Amino acid sequence: MPISGIVVLTIGALYFLVPVASTVKFSLEQGHAGFGFQAYRQILDDPQFRHTLWFSVQLALETTVVTMALMVPTVYWVHLRLPKIRPVVEAITILPFVVPPIVLVVGLFDFFKSFSPDWLLQDFVFSSKFLVAAYVVLSLPFVYRALDAGIRAVDIQTLTEAAESLGASRTRTLFRVILPNLREAVLAACLLTFVIVLGEFTIASIALYQTFPVYITTIGSAQAYPAAALTVISVGLTFVAAAVFLVLGRMGLRKRRQPVLGAAMTGMAGAASTNPGGA
Amino acid sequence: MPYLELHDLRKQFGSFTALGGVSLSLEEGEFLSLLGPSGCGKTTALRIIAGFLQPDSGRVVIGGEDMTSHAPNRRDIGMVFQAYSLFPNMTAAQNVAFGLKVRKWPGAKRDARVSELLEIVGLSHAVDRYPHQLSGGMQQRVALARALAIEPRVLLLDEPLSALDALVRVQLREEIRRVQTQLGITTVYVTHDQEEALSVSDRVAVVYSGGIEQLGTPAEIYGAPSTRFVAEFIGTMNRLESRVADSEAGAVDINGTIVPVDAVRGRPAGQDVLVLLRPEAIALETLNGKPPAPGGIVGEVTAQSFLGAVTRLKIAAENGSELIANVPSTGATAYSVSQRVVVRFPADSARVLDV
């Protein structure tokens with residue numbers, strides 16, 4: 001590697017590592033009592049920590065499932081049958097970037113309240129499922145782009161026709177032929193959705209839900225050391241989640257020509273940093 | 001009784017007429033090629049047979065049953081695509097087994113059928129390889145085995161060799177024909193490569209701008225093109241603008257040279273016609289100062305290109321015509337560039353079309 005490369009890499013690494021390292025150091029301080037894990041113990045003993053984390057993980061899983069169920073067939077169908085409206089779909093999926101989260105959440109509330117019967121208000125609008133609905137909207141831009149990148153790498157037209165000529169139904173074609181070849185893209189989309197929900201603060205806070213990011217903020221405004229410890233834990237969790245998805249993606253790579261996940265993730269990284277809802 | 005019938009198929013894309021009324025019928029076990037330049041409608045016709053496209057009007061009948069409105073997955077048609085149609089997530093064997101799984105064949109029967117088909121296409125050693133571990137030619141063999149495994153009623157091939165190397169192309173087209181004959185399956189083969197179509201087919205349909213120009217055996221298509229397009233599209237053809245000179249004995253006037261051509265007998269004298277002549281029908285004589293015997297076209301060799309067994313000569317005739325002649329390469333040295341020659345051809349070797 002040339003010198004310039006090493007220099008750039010070092011600067012880049014420092015940019016990301018220094019804040020994390022100082023946070024780790026700060027989280028291990030115990031005032032005048034030197035260094036230790038007191039802040040971590042305090043966080044891990046707090047039942048709120050486990051409750052909010054579990055709540056956020058649940059929300060993330062639900063959002064991921066709903067988004068995939070909605071978007072995978074949509075993107076497939078748009079590519080297969082309606083390639084002309086692709087720019088329109090693309091534009092629509094960008095809208096959540098343009099609409100500020102506060103507008104999104106208030107708008108969604110008013111929209112659903114305006115026509116919902118009582119039972120729907122109870123079971124949906126005033127329940128945590130409402131958050132899931134908002135998060136599905138929020139993750140659209142990322143999910144659409146990850147899936148779009150993956151589907152472009154595959155000749156879905158020919159594969160679909162080949163499967164159909166062999167007698168396969170649409171459902172079988174989607175699950176046996178198309179999805180396995182979009183594995184990396186789908187995993188990338190899942191990871192992005194998961195991470196977005198785990199980090200989303202604004203909507204949850206406005207809608208008065210105690211999610212993990214809301215909990216972090218509450219702690220952060222009151223207790224300095226535990227807040228640092230919490231941040232470190234949260235960064236660690238994100239890394240673990242990313243690693244799990246990467247390993248899942250790698251497992252399928254032996255069979256395939258190109259790793260699509262890497263490409264999709266790189267493409268997403270830029271987009272993710274502009275996430276308006278991220279904490 | 002015909003097995004596969006196309007009745008007056010029409011298909012319009014906006015203002016572009018892809019098919020303007022195509023009718024065809026194939027006997028069971030017949031191998032028919034749709035041959036034509038890109039955009040002529042041959043692929044549209046194939047996709048309509050497969051069910052991927054709906055015709056604006058017309059019918060597709062297989063074995064007496066109208067299939068026009070059946071979905072592609074209910075037609076029992078095997079299809080081989082241009083390239084890269086194997087499922088990348090499955091091995092060769094799994095690809096071939098796919099259609100059988102859809103049909104719920106029991107495991108043992110299925111495995112036997114998969115081995116049988118992979119053996120037929122000569123890939124018994126590659127059953128567990130994924131598509132990316134196979135060469136282009138091997139991938140197309142698997143695709144063929146996959147299409148045939150389901151015992152389809154009709155086999156459709158959409159330019160299956162166009163992405164392959166020249167040598168593999170020749171091997172594989174012979175292979176396709178062998179397998180087709182062995183299994184006796186009714187086959188429609190789409191290609192823009194005339195050599196491919198002529199070498200493997202029972203019959204060839206030359207397609208041009210949405211219609212069938214000529215339908216016939218390869219020998220008929222090559223030897224007796226019935227339209228100007230077919231004459232130009234198939235092989236190399238000399239086209240000589242001429243006028244009927246003698247309607248009884250059969251002779252034409254090619255820019256002032258009277259040449260015997262049997263095919264003009266019975267046409268009115270003075271009629272403008274196009275005389276078609278294959279380069280291999282031409283016999284050359286060198287002309288070294290002496291005056292030529294009548295009935296030959298005098299000219300000069302302007303270019304020579306070596307094609308292997310034959311050498312192709314370009315000849316500029318004194319009467320203004322341009323001619324192409326093939327001579328055996330062993331004797332080609334006599335016809336170097338700027339050598340004066342006399343062009344003759346048997347009176348029964350030329351075809352005549354109306355201008």
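Since the structure is predicted, the reported quantities are computational estimates derived from the model, not experimental observations.

Definitions and cut-offs
Residues numbered from 1 in each chain as written. Chains lettered and ligands numbered in written order. Predicted model: local features only at pLDDT ≥ 70, side-chain atom pairs only at ≥ 80, totals over all residues. Helix = DSSP H or I, 4+ residues; strand = E, 2+ residues; numbered from the N terminus. Buried ≥ 20, exposed ≤ 12 C-beta atoms within 10 Å, placed from the backbone. Contact = placed C-beta atoms within 7 Å. Pairing = 2+ DSSP bridges. Axes fitted to C-alpha atoms, helices over the stretch in contact; angles between N-to-C directions. Nonpolar A, V, L, I, M, F, W, Y, C, P; charged D, E, K, R; others polar. Parallel < 35°, antiparallel > 145°, perpendicular 65-115°, else oblique. Left-handed = near helix turned anticlockwise from the far one by under 90°. Domains from an automatic or database assignment. Expected span 1.5 Å × (residues − 1). Arc of directions from axis to C-beta. pLDDT = per-residue confidence, 0-100.

Draft legend 1. Highlighting the overall build of chain A. When helices and strands are counted, chain A shows 14 helices and zero strands. When the elements of chain A are put in sequence order from the N terminus, they spell out α-α-α-α-α-α-α-α-α-α-α-α-α-α. Every one of the 279 residues in chain A was classed for burial, and the buried ones make up 36%. Look at the contacts in chain A between residues 6 or more apart in sequence, and 83% of them connect residues 24 or more apart.

Draft legend 2. Examining the overall build of chain B more closely. From N to C terminus, chain B includes eight helices and 20 strands. Its C-alpha atoms give chain B principal-axis dimensions of roughly 80 × 45 × 35 Å. In chain B, buried positions account for 42% of the 355 residues. In chain B, the proportion of contacts linking residues at least 24 apart, taken out of those at least 6 apart, comes to 63%.

Draft legend 3. Quick peek at the sheet that holds strand 20 (residues 351–354) of chain B. All names here are of chain B. An order of 13-12-11-14-20 is seen for the five strands of this open sheet, with the pairing classed as antiparallel. Each edge of the open sheet carries a strand with a single partner, namely strand 13 (257–260) and strand 20. Between one strand and the next, the sheet's axes are offset by a mean angle of 45°, whatever the strand orientation.

Draft legend 4. How the structure looks around the interface of chain B and chain A. Taken together, the contact pairs 21 residues of chain B with 18 residues of chain A. Secondary structure elements with two or more residues in the side of chain B that touches chain A: strand 6 (77–80) and helix 2 (92–102) of chain B. Considered class by class, the residues forming the side of chain B that touches chain A number 13 nonpolar, six polar and two charged.

Draft legend 5. A look at the packing of helix 2 of chain B against helix 3 (residues 107–120) of chain B. Residues and elements named next belong to chain B. Running from amino to carboxyl end, helix 2 crosses helix 3 at an angle of 120°, the nearest separation of the two axes being 9 Å. Relative to helix 3, the element helix 2 is oriented oblique. Crossing handedness for the pair helix 2 and helix 3: right-handed. On the side of helix 2, the interface is formed by A92, A93, V96, A97 and L100, while helix 3 contributes R110, R113, V114, L117 and L118. Grouping the amino acids of the contact of helix 2 with helix 3 by side-chain chemistry returns eight nonpolar, no polar and two charged.

Draft legend 6. How the structure looks around the domain arrangement of chain B. All names here are of chain B. Partitioning chain B into structural domains gives domain 1 (4–233) and domain 2 (238–354). One C-alpha centre belongs to domain 1, the other to domain 2, and the line joining them spans 40 Å. Taken together, the contact pairs four residues of domain 1 with five residues of domain 2. Class assignment for the residues of the side of domain 1 that touches domain 2 results in three nonpolar, no polar and one charged.

Draft legend 7. The arrangement of the environment of A:A153 in detail. Here A:A153 lies in the loop between helix 7 (129–152) and helix 8 (156–165). Remark: the alpha-carbon pair of A:A153 and A:A39, spanning 114 residues in sequence, is separated by 47 Å.

Draft legend 8. A look at the packing of helix 1 (residues 3–28) of chain A against helix 13 (residues 224–251) of chain A. Residue and element names in this part refer to chain A. Taken N-terminus to C-terminus, the directions of helix 1 and helix 13 make an angle of 130°; their axes are 8 Å apart at the nearest point. Taken together, the axes of helix 1 and helix 13 lie oblique to each other. Considering the relative orientation of helix 1 and helix 13, their crossing is left-handed. Residues V20, T23, V24, F26 and S27 of helix 1 form the contact with helix 13, whose participating residues are Y225, A228, A229, T231, V232 and V235. When grouped by side-chain class, the residues that make up the contact of helix 1 with helix 13 number eight nonpolar, three polar and no charged.

Draft legend 9. Layout of the sheet that holds strand 16 (residues 297–306) of chain B. Residues and elements named next belong to chain B. The strand order 15-19-16-17-18 describes an open sheet built from five strands, whose pairing is antiparallel. What marks the edges here is a single partner per strand, and that holds for strand 15 (283–286) and strand 18 (322–328). Taking each pair of neighbouring strands and ignoring which way they run, the sheet shows an average axis angle of 45°. Pairing of strand 16 with strand 17 (residues 310–317), which is carried by seven bridges, proceeds in the antiparallel orientation.

Draft legend 10. Up close: helix 2 of chain B. Residue and element names in this part refer to chain B. Burial runs high along helix 2: eight of the eleven residues are buried. For helix 2, the full list of buried residues reads A92, A93, N95, V96, A97, F98, G99 and L100. Tucked inside the fold, the buried residues of helix 2 contact helix 3 and helix 4 (136–149). Positive backbone phi, approximately 60°, marks K104, located one or two places after helix 2.

Draft legend 11. The arrangement of helix 5 (residues 101–115) of chain A in detail. Residues and elements named next belong to chain A. Over its 15 residues, helix 5 runs 22 Å from end to end, which matches the ideal 21 Å to within 8%, given 1.5 Å per residue. Looking at helix 5, one finds that the buried residues are P101, L104 and V105. On an axial view of helix 5, the arc spanned by its buried residues comes to 90°, and they lie on one face. For helix 5, the exposed residues set more than 90 degrees away from the buried face come down to V103, D110, F111, K113 and S114. Contact partners of the buried residues in helix 5: helix 4 (86–98), helix 7 and helix 11 (202–206).

Draft legend 12. Focus on the confidence of the model for chain A. Residue and element names in this part refer to chain A. For chain A, mean pLDDT is 83; residues scoring 70 or higher make up 90% of the total. Helix 14 (residues 260–272) is the least confidently modelled element of chain A, averaging 42 in pLDDT, while helix 8 averages 93, the highest of any element. Within the model, the stretch residues 255–279 combines pLDDT values under 50 with 54 contacts to residues more than four positions away or in other chains.

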